[in-house]
Amino acid sequence: WGAEFTGAAREAIARRVSVSLKTHARAILHIGLPQARGPAASRVLTANLVGLAGAVLRQTEVGNVYAEGGATAAALVREMNWVRLTVLQELAPGVARLAVAGNGSRLLTVKPGSYLWPTDLRRPARAHAVAEH
């Protein structure tokens, strides 16, 4: 929007996403801008995205969370204070499904940002929250 991403804006958007997840199978959170050039802009955009994803995950029970990009996935793990993850399976080269310790119903699937999600993960399923950078 060309303005600072305030906590109030984050919470308002998170509420809209949480309401949407009650009637839709998935929500995709993404920056919606061309790729950031420079580490400072990238850090700010990543922090805003994972802050929003964290707000959604705290408001709504989401069983399957998908994160695209290693830096984005790591930031989301830190945002959610997930201190222990267990690898359950490799779904495709570099795409790993992880269990979040202490929350047996939540799974985190991560993939590098350099290629597409595997076809079987692009089909609609149960409620998902996806954080993409």
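Check the entry above for the structure.
In this text the structure is predicted, and so the values were computed from the model without any measurement. (Residues numbered from 1 in each chain as written. Predicted model: local features only at pLDDT ≥ 70, side-chain atom pairs only at ≥ 80, totals over all residues. Heavy atoms only, no water.)

> I tried to follow helix α3 (residues 70–79) on my own but got confused; where do I start?
Residues spaced three or four apart along an α-helix face the same direction, because each turn holds 3.6 residues. Among all positions in α3, only Thr 72, Ala 73, Ala 75, Leu 76 and Val 77 are buried. The first or second residue beyond α3 is Asn 81, which carries a positive phi of 55 degrees. (Buried < 20%, exposed > 50% of the residue type's maximum accessible area, 1.4 Å probe, protein only. Helix = DSSP H or I, 4+ residues; strand = E, 2+ residues; numbered from the N terminus.)

> Would you take a moment to explain the nonpolar core for this structure?
Considering soluble globular proteins, one finds that nonpolar side chains tend to be buried as a cluster. Ranked by internal contacts, the top residues of the largest apolar core, which has 26 residues, are Leu 57, Leu 76, Trp 82, Leu 108 and Val 110. Counting residues per element, the ones that place at least two in this core are α1 (7–21), β1 (26–29), α2 (39–59), β2 (64–68), α3, β4 (95–100) and β5 (103–111). The greatest single-element share of this core, amounting to seven residues, is contributed by α2. Ignoring anything within four residues of it in the chain, the contact list for Leu 76 reads Val 50, Ala 53, Gly 54, Leu 57, Val 65, Ala 67 and Leu 108. Counting five residues, the second largest nonpolar core, distinct from the first, contains Ala 92, Val 95, Trp 117 and Leu 121. (Core = buried A, V, L, I, M, F, W, Y, C linked by side-chain atoms within 4.5 Å. Contact = heavy atoms within 4.5 Å.)

> Please clarify how the pairing of β2 should be interpreted in this entry.
On a regular strand, one side chain projects to one face of the sheet and the next to the other, so that they alternate. β2 sits mainly inside the fold: five of its five residues count as buried. Covered by surrounding structure in β2 are Asn 64, Tyr 66 and Glu 68 together with Val 65 and Ala 67, the residues of both alternating faces. Alignment of β2 against β5, held across five bridges, turns out to be parallel. Paired with Asn 64 across the bridge in β5 is Leu 107. (Pairing = 2+ DSSP bridges.)

> Got a minute to help me understand the packing of aromatic side chains in this structure?
Each aromatic ring pair is specified by the distance between its two centres and by the angle formed by the two planes. Throughout the structure, instances matching the rule amount to one aromatic pair. With a centroid separation of 5.5 Å and 85 degrees between ring planes, the pair formed by Tyr 66 and Trp 117 is classed as edge-to-face. Linking Tyr 66 in strand β2 with Trp 117 in the loop between β5 and α4 (119–122), this pair joins segments that are 51 residues apart in sequence. Taken as a pair, Tyr 66 and Trp 117 share a single burial class, namely buried. In this structure, Lys 111 packs its charged tip against the face of Trp 117, placed 5.5 Å from the ring centre. (Phe/Tyr/Trp six-rings, centres within 6.5 Å; stacked < 30°, edge-to-face > 60°. Lys NZ or Arg CZ within 6 Å of the ring centre and 35° of its normal.)

> Please clarify how the packing of α2 against α3 should be interpreted in this entry.
The description of two packed helices rests on the angle between their axes and on the distance between the axes. One can describe the packing of α2 onto α3 by two numbers: an axis separation of 9 Å at closest approach and a directional angle of 45 degrees. Taken together, α2 and α3 sit at an angle that is classed as oblique. You can see that α2 and α3 cross each other, and the crossing is right-handed. Facing Thr 46, Leu 49, Val 50, Gly 51, Ala 53, Gly 54, Leu 57 and Arg 58 of α2, the residues of α3 in contact are Ala 71, Thr 72, Ala 75, Leu 76 and Glu 79. (Axes fitted to C-alpha atoms, helices over the stretch in contact; angles between N-to-C directions. Parallel < 35°, antiparallel > 145°, perpendicular 65-115°, else oblique. Left-handed = near helix turned anticlockwise from the far one by under 90°.)

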